[in-house]
Amino acid sequence: MAAADQVGYDKAAVEGAKDVDAKTFSFFDEGQAYVETSDGDLVLRASLIYYVDGGKITDGTGVVGRLHTLLGQMTQKV
């Protein structure tokens, strides 16, 4: 499966996914937040995950913004 197709599949598999741009989506709930994109043949995902009793995400939009920035830096380096 091509990277862009994989990202599309992953986006369709999660309820509540939000588009960041044409090839990038984000998701967050109380326990996790991530941003996923394709870059050429690569699928890249930046995540923050709280495991059981590890904490709770209270500013999902802010966390997604920071993860999107991180993802942008990753694609610059790859």
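Calculation rules
Residues numbered from 1 in each chain as written. Predicted model: local features only at pLDDT ≥ 70, side-chain atom pairs only at ≥ 80, totals over all residues. Heavy atoms only, no water. Phe/Tyr/Trp six-rings, centres within 6.5 Å; stacked < 30°, edge-to-face > 60°. Buried < 20%, exposed > 50% of the residue type's maximum accessible area, 1.4 Å probe, protein only. Pairing = 2+ DSSP bridges. Helix = DSSP H or I, 4+ residues; strand = E, 2+ residues; numbered from the N terminus. Axes fitted to C-alpha atoms, helices over the stretch in contact; angles between N-to-C directions. Contact = heavy atoms within 4.5 Å. Core = buried A, V, L, I, M, F, W, Y, C linked by side-chain atoms within 4.5 Å.

Points about the packing of aromatic side chains
Turning to step 1, where the next piece is worked out: Tallied over the full model, the rule gives two aromatic pairs.
Turning to step 2, where the next piece is worked out: Here F25 and Y34 contribute two aromatic rings whose centre-to-centre distance is 6.1 Å and whose plane-to-plane angle is 80 degrees, an arrangement assigned as edge-to-face.
Turning to step 3, where the next piece is worked out: According to the relative accessible area criterion, Y34 is buried, its value standing at 6%.
Turning to step 4, where the next piece is worked out: Measuring from centroid to centroid gives 5.6 Å for F27 and Y34, while their planes differ by 45 degrees, and the two rings are tilted.
Turning to step 5, where the next piece is worked out: Residue classification places F27 among the buried residues on the basis of a relative accessible area of 9%.
Turning to step 6, where the next piece is worked out: Here a set of aromatic residues connected by ring pairs shows up, and it is made of F25, F27 and Y34.

A word on the sheet that holds strand β1 (residues 18-21)
In any sheet, the strands associate via hydrogen bonds between backbone groups, in a parallel or an antiparallel arrangement.
Turning to step 1, where the next piece is worked out: Taken together, the four strands give an open sheet; going across it, the order is β1-β2-β3-β4, and neighbouring strands pair in antiparallel fashion. Each having just a single partner strand, β1 and β4 (42-49) make up the two edges of the open sheet. Averaged over all adjacent pairs, the angle separating strand axes in this sheet is 20 degrees, with direction ignored.
Turning to step 2, where the next piece is worked out: Where strand β3 (residues 32-39) lies against β4, eight bridges are found, and the strand directions are antiparallel. What sits directly across from S38, in β4, is V43.
Turning to step 3, where the next piece is worked out: Docked against the sheet, helix α1 (residues 3-13) engages β1, β2 (24-28), β3 and β4, running at close to 155 degrees with respect to β3.

Concerning the nonpolar core
Turning to step 1, where the next piece is worked out: One finds A33, V35, L44, A46, I57, V63, V64, L67 and L71 forming the largest nonpolar core, which totals nine residues.
Turning to step 2, where the next piece is worked out: Where this core is concerned, the elements lending two or more residues are β3, β4 and α2 (60-77).
Turning to step 3, where the next piece is worked out: For this core, the element with the most residues is α2, which contributes four residues.
Turning to step 4, where the next piece is worked out: Non-local contacts of L71, meaning those with residues more than four positions away in its chain, are made with T24, V35, E36, T37, L44, R45 and A46.
Turning to step 5, where the next piece is worked out: Counting residues in each nonpolar core, the second largest holds five residues, with V7, F25, F27 and Y34 among its members.

Fair warning: the whole summary comes from geometry, so function is off the table for now.
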